[in-house]
Structure formats: structure tokens, C-alpha cells
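One letter stands for each residue in the lines below.
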Amino acid sequence: MLVGFHTNDDAGVYLLEKGLALVQTVDFFTPIVDEPELFGQIAAANSLSDVYAMGGRPVSALSIVGFPEKGDAAILEEIIRGGMAKMIEARCSVIGGHSIRNEDIQFGYAVTGVIDPQRVWRNVGARPGDVLLLTKAIGTGVLSTALKAEKLSSASLAAATTSMTQLNRVPAEALREVEEKAAGTRPIHAVTDVTGFGLLGHAREMALGDPGAGIESVSLEFDHAAVPYLPWAVEAAREGFFSGGLKNNREFVGDCAAFERRVTQEHRDLFFDPQTSGGLLIALASDAAEAGLAALAAHGVKAARIGRVLVKSSPLLRVL
């Protein structure tokens, strides 16, 4: 086992033979949008994301389904169709799955990918002086909560669903190009996808490092004005459309995060907002930052430079 779960990495990595390792992950959840096929797409993109965050290539998947005994089979068919569309886009074969009778609808995948064991990206390894990039806007949690309350406009819903159905394959490919052009150096020091623990929750994991393996802890500093937010996300946070996950994230991360006075409460809340199929948070060497942004832009990814890595201090996380 090359990567296990003690640092809360996005996926596990298991060495098969010299030059070849498996990347394995699993994720499933209840619907966050009303349209079944769209829900299937989001669930698939979310399940695939962990493999991309490790630098791997997904190759096969097993579907996981929970569905009411008396539910409309046509709805389930649409969910599966949506999931298959994303799996085809990812060039990942669905080779089976398992379903159970369940009062609530649940859907997702266990995904297996392949990776060069010498080129694994982990969620730890960020170094002082690194630049932090983010490849997607945040706010899906508050927007999904607003949707449940029937307070979300069609335009805001469209922006959120476009983000959530977008695979992280393209930014991962762009980052790989940056590595290949780096003449043997490793400018990309840590990568994670921003999902249920929110931006600060996943940032905390990155900051903690893995001292037992010689990966020192660091501090991360964010510019709240540089972070991209989905349309109407700030307003949704201001109006208090908070999920239970946001409150849990705030309680879990709060003691190691500090905000400057100028950061409004709604922006503070969004830093704890749980994301679904969020973007990649990347720590890369400062002299590779412009190359990274250029490579991402060339692939159509609107990444933002949102912060930097500092020598470990208290607090561990700081938002300016």
C-alpha cells in the first residue's frame, strides 16, 4: 500500500508491480438536484474526482444504488443514464454494481484507476513559498440548500450544475503537462479535490502534512477576495441557506482557522461550505505558478490564484 487513509488522502494507492499502481475510491450520496439524469451526472463526476486528484486515470467503476422498493423505475433509469454519460466521457468502463432497497435514493460509484507510482499527487507535501490555485468556484452547498427551499433562480442553478458535472480530468491533464515540461523537477507539491469538508477542511488536511513520513506541517493563507464564488452563492450564505455539513465543518475546523476583520460573515461561511464535485486545490512551486495558470487556461480551466503556503505557525489557516 503506497497511500492509505491516515492522512485522509482522496484515494488509496496500491502497488501492483514496478511502474504500475491502482488508485481506488468510492463515493455516493442522496439527490441534490431535482432532475434524475443530472443527479446521475453529478454523482459520477464526484466519484471520479478523487482519482484525478491523485493524478490517476480511471479505468473501471462499479455502481452503488439505493432505491425505494415502490419507486418509479423510470427515475432510476434516468439516474443511471446520467451516470453512464459521465463515465463514457471519462473513458471509464462500468463493469457492474450493486443495488439495495432503500427509503432514500442513493447513487454513486466505486472507481478504480491506474497510476505511475512515481507520479502520485497527495494531499500533503505543500512547501513554504508555494502558491495555491483553485480550479472551480465554491458555493454548491449553500446553493443546493437554497434549491431545496425553492429559493434558487434557474440561472444560479444552471451555473452550479455546470460546475458539478464538470470532470476534473482536464485540469489534471493540464497539471501533468506542467510536470512534464519541468525538466525532471516536481513543481506540483500537493493536490486535493474540494468536496464535503469544504475549502478550509481540505486545506487543513493539506496543512497538517505527514511528519511521520518526513512531510512537515505548514500554514496556508487565503485571500477571500481572490477565491471564485458561484453566482448568488454569497447571497445564499448571507440569507443563511446552510446545510448540516457546513455547521459540522465550522465546528471541526474552526479552532485552527482565523479570519481578518474585513472578511464578511457570508464569506467566512463559504469557506466551510461542503462542496459536491468541487475543483482541485493545488500547491505548486511559486516559479511554476504562471506556467500552471497558463496550462490550465489553455485547456479552458479558469483557475484562480487564491493564496500561499507559509512556514507553520498559529493559526494553521488564515483568511485575509
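Our subject is the structure that appears above.
Residues numbered from 1 in each chain as written. Predicted model: local features only at pLDDT ≥ 70, side-chain atom pairs only at ≥ 80, totals over all residues. Heavy atoms only, no water.

1. Some details on the pattern of salt bridges
Proximity of charged atoms lets side chains of opposite charge pair with each other.
Here is step 1 of the chain: A full pass over the atoms with the stated rule returns 16 salt bridges.
Here is step 2 of the chain: As a salt-bridge pair, Glu221 and Arg308 come within 2.8 Å of each other at their nearest N and O atoms. Within this pair, whereas Glu221 is found in strand β8 (residues 218-222), its partner Arg308 is found in strand β11 (residues 304-311), the two being separated by 87 residues in sequence.
Here is step 3 of the chain: Taking the shortest distance from any N to any O, the salt bridge between Glu266 and Arg238 comes out at 2.9 Å. Taken as a pair, Glu266 in helix α9 (residues 265-270) and Arg238 in helix α7 (residues 233-238) lie far apart in primary sequence, 28 residues in all.
Here is step 4 of the chain: Among the charged side chains, a network of salt bridges with common partners joins Arg119, Arg176, Glu179, Glu180 and Arg186. (Salt bridge = Lys/Arg side-chain N within 4 Å of Asp/Glu carboxyl O. Helix = DSSP H or I, 4+ residues; strand = E, 2+ residues; numbered from the N terminus.)

2. Some points on the nonpolar core
Here is step 1 of the chain: In this structure, Leu200, Leu220, Phe222, Leu281 and Leu317 are the most contacted members of the largest nonpolar core, which totals 97 residues.
Here is step 2 of the chain: For this core, the leading source of residues is helix α1 (residues 36-54), giving 11 residues. (Core = buried A, V, L, I, M, F, W, Y, C linked by side-chain atoms within 4.5 Å. Buried < 20%, exposed > 50% of the residue type's maximum accessible area, 1.4 Å probe, protein only.)

3. Comments concerning the environment of Pro171
Here is step 1 of the chain: Here Pro171 is to be found in helix α5 (residues 169-180).
Here is step 2 of the chain: Spatially, the C-alpha atom of Pro171 lies 8.7 Å from that of Gly300, the residues being 129 residues apart in sequence.

4. Notes on helix α6 (residues 198-208)
Here is step 1 of the chain: Across the 11 residues of α6, 10 count as buried, placing the element largely inside the fold.
Here is step 2 of the chain: When we look at burial in α6, the residues that qualify are Gly198, Leu199, Leu200, Gly201, His202, Ala203, Arg204, Glu205, Met206 and Ala207.
Here is step 3 of the chain: Within two residues after α6, Gly209 carries a phi angle of roughly 65°, on the positive side.

5. So, the packing of α1 against helix α2 (residues 73-89)
A pair of packed helices is characterised by two quantities: the angle between their axes and the separation of those axes.
Here is step 1 of the chain: Contact pair α1 / α2: the axes reach a minimum separation of 7 Å and the direction vectors enclose 40°. Considering the angle they form, α1 stands oblique to α2. Crossing hand, α1 versus α2: right-handed. For the pair α1 and α2, the contacting residues are Pro36, Glu37, Phe39, Gly40, Gln41, Ala44 and Leu48 in the first and Ile75, Glu78, Ile79, Arg81, Gly82, Gly83, Lys86 and Met87 in the second.
Here is step 2 of the chain: By residue class, the composition of the contact of α1 with α2 is seven nonpolar, four polar and four charged. (Axes fitted to C-alpha atoms, helices over the stretch in contact; angles between N-to-C directions. Parallel < 35°, antiparallel > 145°, perpendicular 65-115°, else oblique. Left-handed = near helix turned anticlockwise from the far one by under 90°. Contact = heavy atoms within 4.5 Å. Nonpolar A, V, L, I, M, F, W, Y, C, P; charged D, E, K, R; others polar.)

6. Comments concerning the sheet that holds β11
Here is step 1 of the chain: Judged by pairing direction, the sheet is mixed, and its seven strands sit side by side in the order β7-β10-β6-β11-β8-β12-β9 without closing on themselves. Two strands lie at the open edges of the sheet, namely β7 (188-193) and β9 (257-259), each paired on one side alone. Going across the sheet, the axis of each strand differs from the next one's by a mean of 20°, ignoring polarity.
Here is step 2 of the chain: Relative to strand β12 (residues 317-319), β8 runs parallel, the two being bridged by three bridges. Across the sheet, residue Leu220 finds its bridge partner in β12, namely Leu317.
Here is step 3 of the chain: In this fold helix α10 (residues 289-298) packs onto β6 (131-134), β10 (280-284) and β11, with an angle of close to 10° to the strand it touches most, β6. (Pairing = 2+ DSSP bridges.)

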